[in-house]
Amino acid sequence: MEKIKKEDVIKLMADLRVKGYTQEELGVALGRSGQTIWCWSSPTMPKRVPCKSDYEVLNHLLKK
C-alpha cells in the first residue's frame, strides 16, 4: 500500500479551502477536531497526514 504524500494533502486542503470548506466543517464531516485538520494541511508538520479513508472522504468532498 502506498503512503499518502504530504504534498498531495496540502494541495487537497488548499483546493477544499478555495471551494469554501472551513477546517471546522471538515472536522465535523470526518469526526476530527479542527486542530487535526490544520495539522494535516500544515507544511511544518510533515508526518501528520490523514488515514486513507479520511483522505478519500476529503477527495469526495472536493469532487462533490
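Let me sum up the structure you'll find in this document. Everything numeric in this text was worked out from a predicted model, so none of it was measured.

### Structural notes on the overall build of the chain
Scanning the chain for helices and strands turns up four helices and zero strands. In sequence order, the secondary structure elements of the chain are arranged as α-α-α-α. Rg of the C-alpha trace for the chain: 11 Å, near the compact-globule value of 11 Å for 64 residues, within the 12% margin. Residues counted as buried form 31% of the 64 residues belonging to the chain. Within the chain, residue pairs in contact and separated by at least 24 positions form 67% of the contacts whose partners lie at least 6 positions apart. For the chain, the computed accessible surface area is about 4,400 Å², with 56% contributed by carbon and sulfur atoms. Across the chain, 12 positive and 8 negative side-chain charges occur, with their mean positions spaced 2 Å apart.

### Brief notes about the state of the cysteines
Summed over all chains, the structure comprises zero disulfides. Note on Cys39: no disulfide assigned, nearest cysteine sulfur contributed by Cys51 at a separation of 15 Å. The class of Cys39 is buried, set by a relative accessible area of 4%. Judged by relative accessible area, Cys51 falls into the partly exposed class, the value being 36%.

### Let's talk about the nonpolar core
Ile4, Val9, Leu12, Met13, Leu16, Leu26, Leu30, Ile37, Trp40, Tyr55, Leu58 and Leu61 form the largest nonpolar core, which has 12 residues in total. Broken down by secondary-structure element, the contributors of at least two residues to this core are helix 1 (6–19), helix 2 (23–30), helix 3 (34–41) and helix 4 (52–63). By residue number, the principal contributor to this core is helix 1, which donates four residues.

What counts, and at which threshold
- Residues numbered from 1 in each chain as written.
- Predicted model: local features only at pLDDT ≥ 70, side-chain atom pairs only at ≥ 80, totals over all residues.
- Heavy atoms only, no water.
- Helix = DSSP H or I, 4+ residues; strand = E, 2+ residues; numbered from the N terminus.
- Rg over C-alpha atoms; globule rule 2.2 N^0.38 Å.
- Buried < 20%, exposed > 50% of the residue type's maximum accessible area, 1.4 Å probe, protein only.
- Contact = heavy atoms within 4.5 Å.
- Areas by Shrake-Rupley, 256 points an atom, 1.4 Å probe, with all protein chains shown as cover.
- Lys, Arg positive; Asp, Glu negative; His and termini not counted.
- Charge placed at Lys NZ, Arg CZ, Asp CG, Glu CD.
- Disulfide = S-S within 2.5 Å.
- Core = buried A, V, L, I, M, F, W, Y, C linked by side-chain atoms within 4.5 Å.

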